[in-house]
Amino acid sequence: MSVALTSSPPPSSARQEPLRVMVVDDSVVIRGLISRWIASESDMVVAASLRTGLDAVNQIERVNPDVAVLDIEMPELDGISALPQLLAKKRNLIIIMASTLTRRNAEISFKALSLGAADYIPKPESTREATAAETFHHDLIQKIRSLGAKVRRTAPASSSPPPMLVKEHLARPALAPVAQPQLMRRPFSMQAPRVLLIGSSTGGPQALMALVTELGPVIDRFPVLITQHMPPTFTTILAEHLARSSHRPAHEAVDGEIVKAGRIYLAPGGRHMRVVRHGAEVAIALDDGPPVNFCKPAVDPLFSSAIDVWQAGVLAVVLTGMGSDGMRGGKEIVAAGGSVIAQDEASSVVWGMPGAAANAGICAAILPLNQIGSKLVRVFAGDRS
């Protein structure tokens, strides 16, 4: 989770009209807090501050927001019930679900993603805790800014489909391709890969669940380790979803456990996951150190640690997400003789992490999400083209 202060908006020359944000929460304290944060940003405004999902549904056409921050638990009409009604009235509305860190709310947040929500954010139990409030502040503003910019770049409000519309565990359809310069590609390593590492953030849960459905031949023969930026409880549920989607064992990694082929290991929320040599075997090493790239768990610690264990036999994938986590570790993987694949911009919810890797010139392939699985299967089977 992030702990840094809110970053500055893009230069004025790159900005359009301020993003219109609708805040929907039955807590007057939370509504006021979020509204003040939004109002203090030069590139966004509070379009409305509402108490219930019913208020939001009734007023969305008048308010015409770009982004809605939608609480899950509200009177009259809760967030999960309001979600499809809001999208029916404004198809390209960016909806960020907000909830406290309970098992029930985490499950509802995952359901919301499958119904068209763009993302979720955990609310602190008490905003009086300074660190929790600062993290919530930073993450919320970044999500509003990044997701709002994505939908504005890709299509006009009148005709866009919901940006995160998915069916069951499938990733959303790719939006119209975004023109981008030719990026340098490296050849795949001639060393046979011995492990698959995956890093992801915003949009990652849907991308991961779509990707693992195609990775059976890889998972059966090699270990798969994943770091997704996500808080505790949410990672527990994501692991369960990955197990169902892949039909393979998937769980939150446990400190000291031996890494084996045939299994998916997910970094638990709030702890960095690394790998270490344990005699002739490889073991998971979890730590409670400070955030890396403002994240905990972070992708770079996993990527970097894998080099000491598997050397040039590391194949890493950087999926959709904000920021640049994974780029530095990806550079180290390539320097050690391994390979990196990045998700392309058009199929990413936010092309931050994969874009950083792509623009660093470290990728052997930059692919749409729906082509990454088959490419991985071929590479692990011996195809280095």
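Let me sum up the structure you'll find in this document. As the structure is a computational prediction, the values presented were derived from the model and not from experiment.

### Some thoughts on the overall build of the chain
Reasoning step 1: When its secondary structure is counted, the chain shows 12 helices and 14 strands.
Reasoning step 2: When contacts within the chain are restricted to residue pairs at least 6 apart in sequence, those whose partners lie at least 24 apart make up 76%.
Reasoning step 3: Carbon and sulfur atoms form 54% of the exposed surface of the chain, whose accessible area is close to 14,900 Å².

### Description of the packing of helix H6 (residues 204–212) against helix H8 (residues 234–246)
Reasoning step 1: Where H6 meets H8, the closest approach of the two axes is 8 Å, and the angle between their N-to-C directions is 30 degrees. The pairing of H6 with H8 is recorded here as roughly parallel in orientation. With respect to the hand of their crossing, H6 and H8 are arranged in right-handed fashion. Contact residues: H6 offers Pro 205, Leu 208, Met 209 and Val 212, while H8 offers Leu 238, His 241, Leu 242, Ser 245 and Ser 246.
Reasoning step 2: When its residues are assigned to classes, the contact of H6 with H8 shows 6 nonpolar, 3 polar and no charged.

### Observations regarding helix H1 (residues 28–39)
Reasoning step 1: Taking 1.5 Å per residue, 12 residues should reach 16 Å; H1 reaches 16 Å between its end C-alpha atoms and fits that length.
Reasoning step 2: For H1, the full list of buried residues reads Ile 30, Arg 31, Leu 33, Ile 34, Ser 35, Trp 37 and Ile 38.

### Remarks on the sheet that holds strand E12 (residues 314–318)
Reasoning step 1: Taken together, 7 strands build an open sheet; the order of strands is E8-E9-E7-E6-E12-E13-E14 and the sheet is parallel. The sheet is open, and its two borders are formed by strand E8 (250–252) and strand E14 (365–367), each paired with just one other strand. Between one strand and the next, the sheet's axes are offset by a mean angle of 20 degrees, whatever the strand orientation.
Reasoning step 2: Bridging between E12 and strand E13 (residues 339–343) involves 4 bridges; their strand directions are parallel. By the bridge assignment for E13, Ala 316 is matched with Val 340.
Reasoning step 3: Strand contacts of H8: strand E7 (224–228), E8 and strand E9 (264–266), with the helix running at about 170 degrees to E8, the strand carrying the most contacts.
Reasoning step 4: The strands touched by helix H10 (residues 327–335) are strand E6 (195–200), E12 and E13; relative to E13, the strand with the most contacts, the crossing angle is about 145 degrees.

### Overview of the environment of Val 317
Reasoning step 1: With respect to the helices, strands and loops of the structure, Val 317 is situated in strand E12.
Reasoning step 2: Val 317 sits 23 residues away from Val 340 along the chain, and the two C-alpha atoms are 5.7 Å apart.
Reasoning step 3: Among all residues touching Val 317, those that are not within four sequence positions of it are Leu 196, Leu 197, Ile 198, Gly 199, Phe 303, Ile 341, Ile 372 and Leu 376.

### Here we look at the pairing of E13
Reasoning step 1: Most of E13 sits out of view: 5 of its 5 residues are buried.
Reasoning step 2: Here E13 shows no split at all, with Ser 339, Ile 341 and Gln 343 on one side and Val 340 and Ala 342 on the other all buried.
Reasoning step 3: For the segment spanning E12, H10 and E13, crossover handedness is right-handed.
Reasoning step 4: Sheet analysis places E13 next to E14, joined by 3 bridges and oriented parallel. Paired with Gln 343 across the bridge in E14 is Leu 367.

### Comments concerning the pattern of salt bridges
Reasoning step 1: Counted by the stated rule, this structure contains 14 salt bridges.
Reasoning step 2: Between Lys 143 and Asp 119 there is a salt bridge; the shortest N-O distance is 2.8 Å. Residue Lys 143 is found in helix H5 (residues 130–154), and its partner Asp 119 is found in strand E5 (residues 119–123); the two are separated by 24 residues along the sequence.
Reasoning step 3: Using a relative accessible area of 11% as the deciding quantity, one classes Lys 143 as buried.
Reasoning step 4: A network of salt bridges, in which partner residues are shared, links Asp 25, Asp 71 and Lys 123.

Criteria and cut-off values
Residues numbered from 1 in each chain as written. Predicted model: local features only at pLDDT ≥ 70, side-chain atom pairs only at ≥ 80, totals over all residues. Heavy atoms only, no water. Helix = DSSP H or I, 4+ residues; strand = E, 2+ residues; numbered from the N terminus. Contact = heavy atoms within 4.5 Å. Areas by Shrake-Rupley, 256 points an atom, 1.4 Å probe, with all protein chains shown as cover. Axes fitted to C-alpha atoms, helices over the stretch in contact; angles between N-to-C directions. Parallel < 35°, antiparallel > 145°, perpendicular 65-115°, else oblique. Left-handed = near helix turned anticlockwise from the far one by under 90°. Nonpolar A, V, L, I, M, F, W, Y, C, P; charged D, E, K, R; others polar. Expected span 1.5 Å × (residues − 1). Buried < 20%, exposed > 50% of the residue type's maximum accessible area, 1.4 Å probe, protein only. Pairing = 2+ DSSP bridges. Right-handed = clockwise from strand over helix to strand, strands pointing away. Salt bridge = Lys/Arg side-chain N within 4 Å of Asp/Glu carboxyl O.

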